[in-house]
Amino acid sequence: MAAVPKSDQEKRKQISVRGIAQVENVANAKKTFNRHLHYTLVKDRNVATTRDYYFALAHAVWDHQVGRWIRTQQYYYEKDPKRVYYLSLEYYMGRTLSNTMINLGIQGACDEAMYQLGLDIEELEDVEEDAGLGNGGLGRLAACFLDSMATVGLAAYGYGIRYEYGIFAQKIRGGEQIEEPDDWLRFGNPWEKARPEYMLPVNFYGHVQKTNHGYKWVDTQIVFALPYDTPIPGFRNNVVNSLRLWSAKSPNSFNLRFFNDGDYIQAVLDRNLAENISRVLYPNDNFFEGKELRLKQEYFMVAATLQDIIRRFKSSKFGNRNLIRTSFETFPDKVAIQLNDTHPALAIPELMRILIDIEGLVWEKAWDITVATCAYTNHTILPEALERWPVKLLERILPRHLLIIYDINSHLLKEVQKRWPNDVNRLRRMSLVEEEGEKRINMAHLAIVGSHAVNGVAALHSEILRTNLFKDFYELTPEKFQNKTNGITPRRWLALCNPNLADAIAERIGENWLTHLEDLEKLKLLVNDRGFRRTFQIIKQENKMKLAAYIKKEYDITVNPTSMYDVQVKRIHEYKRQLLNCLHIITLYNRIKRDPSSPFVPRTVMIGGKAAPGYYMAKQIIRLFCVVANVVNNDPVVGNKLKVVFLENYRVTLAERVIPAADLSQQISTAGTEASGTGNMKFMLNGALTIGTLDGANIEMKQEMGAENIFIFGMNVEEVEELKRKGYNAWEHYNKNLELKQCLDQISGGFFNPEDPDKFKDVVNVLLNHDRFFLLADYDSYIKCQERVSDMYTNYEEWTKMAILNVASSGKFSSDRTICEYARDIWGIEPSWEKLPAPHEPREVMEDSVPPSST
């Protein structure tokens, strides 16, 4: 382990954004670190590995956090606030060490302690595996929300599944995506605590008996849910909430049929089938597959979580330790359940089952409680992404829940019939049961009917839900529908990933923006401050040089750090239109080749993202980028004018490297297809300018920063709908635009891959004959907009002013703001920025520090 070079001391200057390195804090950090290093059985530091040092530091930070965690949970027990339960099948957490140190305010002390011990804290941080328990935006949003719920003082709990294997590790071999398992737990996880005392049974299969006392679900197969808790610290408020992830465990009993036959091995292997439920995250993004294992995962998480929620509801103190709640009248006053998309929608029939079959409530009362407790967030309008479970599958795996869903549907259709008599088409459209073809249950309809609030995640998206996707339901219950524009946590997406910019901002306007991001508005006064602009430019250039060094090391590609870093990083999907980006790259290449001596703004185009393993077109897009990059990067005529880099295995940790270095952010989905986007917000917060369509949150970003500070191109939603109505003919665009024609001819003719010239004919065929996302219709507008981008980049002072205004206008896009809106408008809780007392302070202080959210 190399000591930190002396020349790096200036880089490590400590200011309050990362925590002041006070002498006593540094000494305590060193002492705790050395104690934990000894616990790992490393007696001699000369034989300790970097991983040993990482675990020692992680456990030292855990020690600093655990007292606050215990205190917070005690506080919730004593005060009995309304609790928020966030149910999500995905949490894309990334790394934990740096984020925890920042939120606890001890990064400076830990950094200085490691330095004094001759260790490089960045090298230790790089040891940590990403917790990649999510596919992309939905899972990363859940992670940001957990951070914000703790920061604004909500008594909140995240619930999900502890997948043994997260989103696959992507390798690019010969231009092909290869999926490798993400064995993120192979070295252990220092940030979780197993809680076997709270292990719970979950039932599957069996059948339903009708008795004199109602229905009974009998002869079920049991799987146990073992919880693992991860602490979620708020930002320097001594609040530490919990993320509880469930792991599937088989019962101890063997399958007696095999055991009695003497097949002991088969009996043991059979037990492992149950544990497959939490084995692996499904890697499909925006695509629904009706797989039995996926249905089991969804119900497994929901069933275990609701048992836990009800246990906590019953046993909360509420003034007397000897009593438990037996009445559910106050359940919606004490419990808020947020469904992150339809994946946890089975919470609605499961809560009904518990209230009716176990707690003995009548149907009407149980339904009122369920609706008042649950709320649903929709994340997509793509039809192929909406969950529709086959009735036969539900009947076999969850027979009681299917009956409850039928009852819910019966009540719904009676209400619709009463409101719109004889409107058979409306009844068919709104039914939870889809009768065409294979009989299916529409989970979005179930989530809407069973919730008191339904929200989209950007203004445009929410409008599309009201006027298009869920128009019938909006007309039935307009009061349910809301908008909650997504946000990102500024702690990870500025303070952690771009510390020099965070320091520069704090030096000028203070640090209040870390919890009140709207304070960045003050930066608008510094746009014409030459000194601040210079500082801003230096920080951006340093970030670009670091990324250039990383690209050289990882991919052996030399990029020009003074070139424009033009970045599109997100899941590979046709609607996100990475192919449009590829057509621009080919257009630039052809222009350079036609006239090598003409002025040209150098660009480094970076693309990153994973394709779902079974998504053929997405994998073809990756293959095409790789062959185009190979030609462009090795053409001596092009030289440093244009480089193309495919960023392998894009994940949270890589995003933290790329986003601070980006000059241009590409957000180019077809208008009306991206629900919101959060990558666009991360780039904006770090001073990259956006080229994009009027889609998702881009529209609100434009409103915040002004049209002059964003590059907008292409059709809007109304124009897209009009094009659909009149019919889209891609050949018209192909025939009238010579540059576009040349690009497509090169792709289909094997120009970039002469060894296999037919490889991409199907890509061109889709663009010309089957394109749902209208790439060619927006090509001309996109190319012209990119020309405006290049022109602006030549005036770097004006570009810098625009970048600063982007940062200054990003206050709305904090997940703190989003969560405060959820709390007030959906959960009925008032957020608080009050601090809880630290562990060394007496417990009586807790009585004097009651956040409004807990009263």
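What you see is a predicted model, and the numbers here were worked out from it, not measured in a lab. (Residues numbered from 1 in each chain as written. Predicted model: local features only at pLDDT ≥ 70, side-chain atom pairs only at ≥ 80, totals over all residues. Heavy atoms only, no water.)

1. What about the overall build of the protein?
Line of reasoning, step 1. Summing up its helical and strand segments, the protein has 34 helices and 25 strands in all.
Line of reasoning, step 2. Computed over C-alpha atoms, the radius of gyration of the protein comes to 28 Å, within 12% of the 29 Å expected from 2.2 N^0.38 for 855 residues, which places it in the range of a compact globule.
Line of reasoning, step 3. If you line up the protein on its principal axes, its C-alpha atoms span 90 × 75 × 65 Å.
Line of reasoning, step 4. Among the 855 residues that make up the protein, the fraction classed as buried is 62%.
Line of reasoning, step 5. Of the charged side chains in the protein, 106 are positive and 110 negative, and the gap between their average positions amounts to 1 Å. (Helix = DSSP H or I, 4+ residues; strand = E, 2+ residues; numbered from the N terminus. Rg over C-alpha atoms; globule rule 2.2 N^0.38 Å. Buried < 20%, exposed > 50% of the residue type's maximum accessible area, 1.4 Å probe, protein only. Lys, Arg positive; Asp, Glu negative; His and termini not counted. Charge placed at Lys NZ, Arg CZ, Asp CG, Glu CD.)

2. Quick word on a nonpolar patch on the surface
Line of reasoning, step 1. Taken together, the side chains of Tyr264, Ile265 and Leu269 define a hydrophobic patch exposed on the protein surface, amounting to about 320 Å² of accessible area.
Line of reasoning, step 2. You can see leucine 269 is positioned in helix H8 (residues 264–275).
Line of reasoning, step 3. Leucine 269 gets classed as partly exposed once you look at its relative accessible area, which sits at 45%. (Patch = residues over 30% accessible without salt bridge, like charges linked within 9 Å, V, L, I, M, F, W, Y side chains within 5 Å. Areas by Shrake-Rupley, 256 points an atom, 1.4 Å probe, with all protein chains shown as cover. Salt bridge = Lys/Arg side-chain N within 4 Å of Asp/Glu carboxyl O.)

3. Regarding the packing of aromatic side chains
Line of reasoning, step 1. Here the structure, examined in full by the defined rule, presents 29 aromatic pairs.
Line of reasoning, step 2. Here phenylalanine 145 and tyrosine 822 contribute two aromatic rings whose centre-to-centre distance is 5.5 Å and whose plane-to-plane angle is 70°, an arrangement assigned as edge-to-face. Of the two residues, phenylalanine 145 sits in helix H6 (residues 137–151) while tyrosine 822 sits in helix H33 (residues 815–827), which places them 677 residues apart along the sequence. The burial state of phenylalanine 145 is the same as that of tyrosine 822; both residues are buried. (Phe/Tyr/Trp six-rings, centres within 6.5 Å; stacked < 30°, edge-to-face > 60°.)

4. Some thoughts on the environment of isoleucine 586
Line of reasoning, step 1. Along the chain, isoleucine 586 falls in helix H22 (residues 578–594).
Line of reasoning, step 2. When the C-alpha positions of isoleucine 586 and phenylalanine 752 are compared, they lie 9.9 Å apart, and in sequence the two are 166 residues distant.

5. Some points on the pattern of salt bridges
Any two side chains of opposite charge can pair, given that their charged atoms come close.
Line of reasoning, step 1. Inspection of every chain in the model, using the stated rule, returns 64 salt bridges.
Line of reasoning, step 2. In this structure, glutamate 176 and arginine 623 form a salt bridge, with 2.6 Å as the shortest nitrogen-oxygen distance. Note that glutamate 176 is positioned in strand E6 (residues 176–180) and arginine 623 in helix H23 (residues 616–633), a separation of 447 residues in sequence.
Line of reasoning, step 3. Overall, the relative accessible area of 24% leaves glutamate 176 in the partly exposed class.
Line of reasoning, step 4. Overall, the relative accessible area of 13% leaves arginine 623 in the buried class.
Line of reasoning, step 5. Among the salt bridges present, the one from arginine 236 reaches glutamate 511, with a minimum N-O distance of 3.7 Å. On the criterion of sequence distance, the pair formed by arginine 236 in the loop between strand E11 (221–233) and strand E12 (240–249) and glutamate 511 in the loop between helix H20 (499–509) and helix H21 (530–555) is long-range, its members being 275 residues apart.

6. Overview of the layout of surface pockets
Line of reasoning, step 1. Approximately 670 Å³ is the volume found for the second largest pocket.
Line of reasoning, step 2. Considering the residues around the second largest pocket, the lining is formed by 29 residues, among which Asn25, His64, Arg68, Leu104 and Ile106 are closest to the centre.
Line of reasoning, step 3. Elements with a minimum of two residues in the lining of the second largest pocket: helix H1 (23–39), helix H2 (50–79), helix H3 (97–104) and helix H4 (107–116).
Line of reasoning, step 4. The residue makeup of the lining of the second largest pocket, split by class, is 11 nonpolar, 12 polar and 6 charged. (1 Å grid on protein atoms, 1.4 Å probe; cavity = no way out; pocket = protein on both sides within 12 Å on 5 of 7 lines; lining within 4 Å. Points joined across faces, edges and corners; volume = space filled by probe spheres on them. Nonpolar A, V, L, I, M, F, W, Y, C, P; charged D, E, K, R; others polar.)

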